[in-house]
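Below are the chains, spelled out letter by letter.
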Amino acid sequence: MSKTNPQIEKQLDKLASICCTRLENTSSDPTMDDAAVDELLKALLMSGYARQADRTLQVELENRVKDMCRDPAMHRGGALTGLTEQLQNKFDQLKSWESRQPGETSTAKAANISSATDA
């Protein structure tokens, strides 16, 4: 368990619960493509998890899933690793996107037509 605030704990528990549900209900290839997961990851990022995590999201989620639903997590370890890796990748992409400066992706543009011309 890491040293986090109650909001982050709640978001991590929800993500772990989603992982448990996917492990229990999916036979071969569970994926993490839905709006609820994206919302939780964004909320986790905005809550400051990226700045205070002493271990990766993937490790944190794997430990929580193993505590929440021990049987499916132990019997489907590869699927669990796949799910948590997907979540870690999404979180990393989101973190990269949110921290990007405006100048990194495009050049500055005029605010309106009069500032772009000599008129």
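Residues numbered from 1 in each chain as written. Predicted model: local features only at pLDDT ≥ 70, side-chain atom pairs only at ≥ 80, totals over all residues. Heavy atoms only, no water.

Peer 1: How would you summarise the nonpolar core if you had to cite specific residues and measurements?
Peer 2: Leu15, Leu41, Leu44, Leu57 and Val65 are the most contacted members of the largest nonpolar core, which has 25 residues in total. Only helix H1 (6-25), helix H2 (35-46), helix H4 (57-68) and helix H6 (77-99) provide two or more residues apiece to this core. Per element, the largest residue contribution to this core is 8 residues, and it comes from H1. Beyond its immediate chain neighbours, meaning those up to four positions away, Leu44 contacts Ile8, Gln11, Leu12, Leu15, Tyr49, Leu57 and Phe91. (Core = buried A, V, L, I, M, F, W, Y, C linked by side-chain atoms within 4.5 Å. Buried < 20%, exposed > 50% of the residue type's maximum accessible area, 1.4 Å probe, protein only. Helix = DSSP H or I, 4+ residues; strand = E, 2+ residues; numbered from the N terminus. Contact = heavy atoms within 4.5 Å.)

Peer 1: Mind laying out the pattern of salt bridges, listing which residues take part and the relevant values?
Peer 2: On inspection of all chains with the given rule, the structure shows 5 salt bridges. Arg64 is paired through a salt bridge with Asp13; the nearest N and O atoms lie 2.6 Å apart. Remark: Asp13 occurs in helix H1 and Arg64 occurs in helix H4; sequence separation between them is 51 residues. A single salt-bridge network, built from bridges that share partners, covers Glu9, Asp13, Glu60 and Arg64. (Salt bridge = Lys/Arg side-chain N within 4 Å of Asp/Glu carboxyl O.)

Peer 1: Describe the packing of aromatic side chains, and please don't skip the residues or the numbers.
Peer 2: Here the structure, examined in full by the defined rule, presents 1 aromatic pair. On the basis of an interplanar angle of 70 degrees and a centroid distance of 6.0 Å, the ring pair of Tyr49 and Phe91 is categorised as edge-to-face. Remark: Phe91 occurs in helix H6 and Tyr49 occurs in helix H3 (residues 49-52); sequence separation between them is 42 residues. Overall, the relative accessible area of 3% leaves Phe91 in the buried class. (Phe/Tyr/Trp six-rings, centres within 6.5 Å; stacked < 30°, edge-to-face > 60°.)

Peer 1: Talk me through the confidence of the model for the protein chain; I want residue IDs and the actual numbers.
Peer 2: Averaged over every residue, the pLDDT of the protein chain is 80; the share at 70 or more is 72%. Summarising per-element confidence for the protein chain, the mean pLDDT is lowest in helix H7 (residues 102-105) (57) and highest in H4 (92). (pLDDT = per-residue confidence, 0-100.)

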